[in-house]
Amino acid sequence: MDSIMSFILENARFKGVYIGADKAIQDILDCHSYPLVIQKILGQGVVLSLALAQSIKYQGVFSFQVRSAGPVQSLFINVTHDKQVRVYAVYDEEKLPSDEDLTNESLFGNGELLFSVTQLGQEPYQGIVSLTGQTLTDTVLDYFKLSEQIKTDLILQQKDGKTRCLMIQQMPLKEDDEFEEVASLYETVDVLMNSVKDSELFTDKLAPEQLLYRLFHANDLTVYEPSVPHFSCACHKDQMKRFLDRLTAKEREELYQDGEIVVECQFCQTQYVFKHEDFN
Ligand SMILES: [Zn+2]
């Protein structure tokens, strides 16, 4: 079920989120003709981005970008504060692995994952990590472990074109907290999260709130009002024109075909057409 549902456990010692984004992902796929392997990795990237973009509190954009010299050269995802998602992928179709082989190594070879957060009134933040581990999920977990030193666990499952994610994170210790006691509580909630079955994650009969209650009802669960992710691209003709304005007249001249420059948005495939008179 499409929902971004945040929750806290054990008197706010841990926070978590459930993510389902079937419709948003389907709407993205409807405007591209991506092969199955790209569809799957895109689904993973979108739910991971939505999980990571939880930190955006103000007007802003979270970007998630995988860059490599391998079969998938780029997977680029934007999530805004109001959960608008857009994506594009650049890949070499001939070299793609089978859709059963979604390891970092076969998709990307050596590569890196870049995160950035741009928020109104805040310094931009950027993080960069090598693509460690077997999958993008492993890379994200390694990032939290090494760069942020936040105890985090994350489950990402895919089935029949659908992707689900559950994540929990430890919050900073409270003044009276005993380190060992909180560590033991973390282990308990982590085991509970990992006990979730595919049949629970992918059924329409269990709303996200019911699923969270089933897993964590004994752990002082509080669930917040969910939000719903959706596909939307903020591209605009003026923005494309600014890009063309930055080129020299000679560079621009080379782009004309039959008296027109056609610029296509990589995210939503909208085509913007420019003529000579646009640049006078
Ligand atoms: Zn667009």
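This structure is a prediction, so every number in the text was calculated from the model and none was measured.

*Asks:* Before we move on, can you summarise the overall build of the protein chain with the specific residues and values?
*Replies:* In terms of regular secondary structure, the protein chain is built from nine helices and 13 strands. For the protein chain, the spread of C-alpha atoms along the three principal axes comes to 70 × 45 × 35 Å. Restricting the contact set of the protein chain to residue pairs at least 6 apart, pairs at least 24 apart contribute 62%.

*Asks:* Just give me the short version of the sheet that holds strand E3 (residues 60-68), but keep the residues and values in it.
*Replies:* In space, the six strands of this open sheet follow the order E7-E6-E3-E4-E5-E11, with mixed pairing throughout. Of all strands in the sheet, those with a lone pairing partner are strand E7 (125-130) and strand E11 (230-231), marking the two edges. Looking at chain direction, E3 and strand E6 (residues 111-119) are connected through nine bridges and run antiparallel. From the neighbouring strand, Val61 faces E6, where its bridge partner is Thr118. Helix H2 (residues 36-52) rests against E3, strand E4 (72-80), strand E5 (84-91) and E6 of the sheet, and its axis sits at about 40 degrees to E4.

*Asks:* If you had to explain the domain arrangement of the protein chain to someone new, which residues and values would you point to?
*Replies:* Split into domains, the protein chain comes out as domain 1 (3-231) and domain 2 (237-279). Measuring from the centre of the C-alpha atoms in domain 1 to the corresponding centre in domain 2 gives 35 Å. Contacts between the two partners involve five residues from domain 1, matched on the other side by four residues from domain 2.

*Asks:* Describe H2, naming the residues involved and giving the relevant values.
*Replies:* Spanning 17 residues, H2 covers 24 Å between terminal C-alpha atoms, matching the ideal 24 Å at 1.5 Å per step. The buried fraction of H2 amounts to 14 of the 17 residues, a majority that puts the element mostly inside the structure.

*Asks:* I'd like a rundown of the nonpolar core, residues and numbers included.
*Replies:* Taken as a class, soluble globular proteins show a tendency for nonpolar side chains to be buried jointly. Counting residues in each nonpolar core, the largest one holds 58 residues, and the members touching the most others are Val46 and Ala51. The element that contributes the greatest number of residues to this core is H2, accounting for ten residues. Discounting residues that sit within four places of it in the chain, Val46 has contacts with Ala21, Ala24, Ile25, Ile77, Val85 and Val87.

*Asks:* How would you explain the pairing of strand E1 (residues 3-9) if you had to name every residue and give the values?
*Replies:* The side chains of a regular strand alternate, first on one face of the sheet and then on the other. In this sheet, strand E2 (residues 14-20) lies alongside E1 in antiparallel orientation, the contact comprising seven bridges. Looking at the pairing, Phe7 lines up with Gly16 of E2. Where E1 folds back on E2, the antiparallel hairpin that results is connected by four residues, among which Glu10 adopts a positive phi of roughly 50 degrees. By the bridge criterion, two bridges tie E1 to strand E10 (residues 222-223) in an arrangement that is antiparallel. Bridge pairing in E10 places Ile8 opposite Thr222.

*Asks:* Account for the packing of H2 against helix H4 (residues 136-148), with residues named and values stated.
*Replies:* Running from N to C, H2 and H4 point in directions that differ by 20 degrees, and their axes come no closer than 10 Å. Classed by the angle they form, the pair H2 and H4 counts as roughly parallel. For the pair H2 and H4, the crossing hand works out as right-handed. Contacts between H2 and H4 involve Gln44, Gly45, Leu48 and Leu52 from the former and Leu136, Thr137 and Val140 from the latter.

*Asks:* Describe in detail the environment of Ile56, supporting the description with residues and values.
*Replies:* As for its placement among the helices and strands, Ile56 is situated in the loop between H2 and E3. Put simply, Ile56 and Val79 are 23 residues apart on the chain and 9.4 Å apart in space, counted from C-alpha to C-alpha. Residues contacting Ile56, with those up to four places away along its chain left out, are Phe62, His81, Val117 and Gln119.

*Asks:* Could you give an account of H4, with specific residues and numbers?
*Replies:* Helix length check: H4 (13 residues) gives 17 Å between terminal C-alpha atoms against 18 Å at 1.5 Å per residue, within 8%. Among the residues making up H4, those that are buried are Leu136, Thr137, Thr139, Val140 and Tyr143. Viewed along the axis of H4, the buried residues span an arc of 165 degrees, placing them on a single side of the element. Those residues of H4 hidden inside the fold are in contact with H2, helix H3 (104-108), E6, E7 and strand E8 (152-159). A positive backbone phi angle near 50 degrees is found at Gln149, which sits one or two residues after H4.

*Asks:* Go over unusual backbone geometry with me, naming the residues and quoting the values.
*Replies:* Positive phi outside glycine occurs at Lys83, with the angle close to 65 degrees. Position of Lys83 among the secondary structure elements: in the loop between E4 and E5. Residue Lys83 is classed as partly exposed on the basis of its C-beta count, with 17 C-beta atoms lying within 10 Å. Of note, Gln269 is a non-glycine position whose phi angle comes to about 65 degrees, a positive value.

*Asks:* How would you summarise the sheet that holds E8 if you had to cite specific residues and measurements?
*Replies:* With antiparallel pairing, five strands are arranged side by side in an open sheet as E8-E9-E2-E1-E10. In this open sheet, the two edge strands, each paired with only one partner strand, are E8 and E10. Seen against the sheet, helix H7 (residues 208-216) touches E1, E2 and E10 and runs at an angle of roughly 25 degrees to E1.

Procedures and definitions
- Residues numbered from 1 in each chain as written.
- Predicted model: local features only at pLDDT ≥ 70, side-chain atom pairs only at ≥ 80, totals over all residues.
- Helix = DSSP H or I, 4+ residues; strand = E, 2+ residues; numbered from the N terminus.
- Contact = placed C-beta atoms within 7 Å.
- Pairing = 2+ DSSP bridges.
- Axes fitted to C-alpha atoms, helices over the stretch in contact; angles between N-to-C directions.
- Domains from an automatic or database assignment.
- Expected span 1.5 Å × (residues − 1).
- Buried ≥ 20, exposed ≤ 12 C-beta atoms within 10 Å, placed from the backbone.
- Core = buried A, V, L, I, M, F, W, Y, C linked by C-beta atoms within 7 Å.
- Parallel < 35°, antiparallel > 145°, perpendicular 65-115°, else oblique.
- Left-handed = near helix turned anticlockwise from the far one by under 90°.
- Arc of directions from axis to C-beta.

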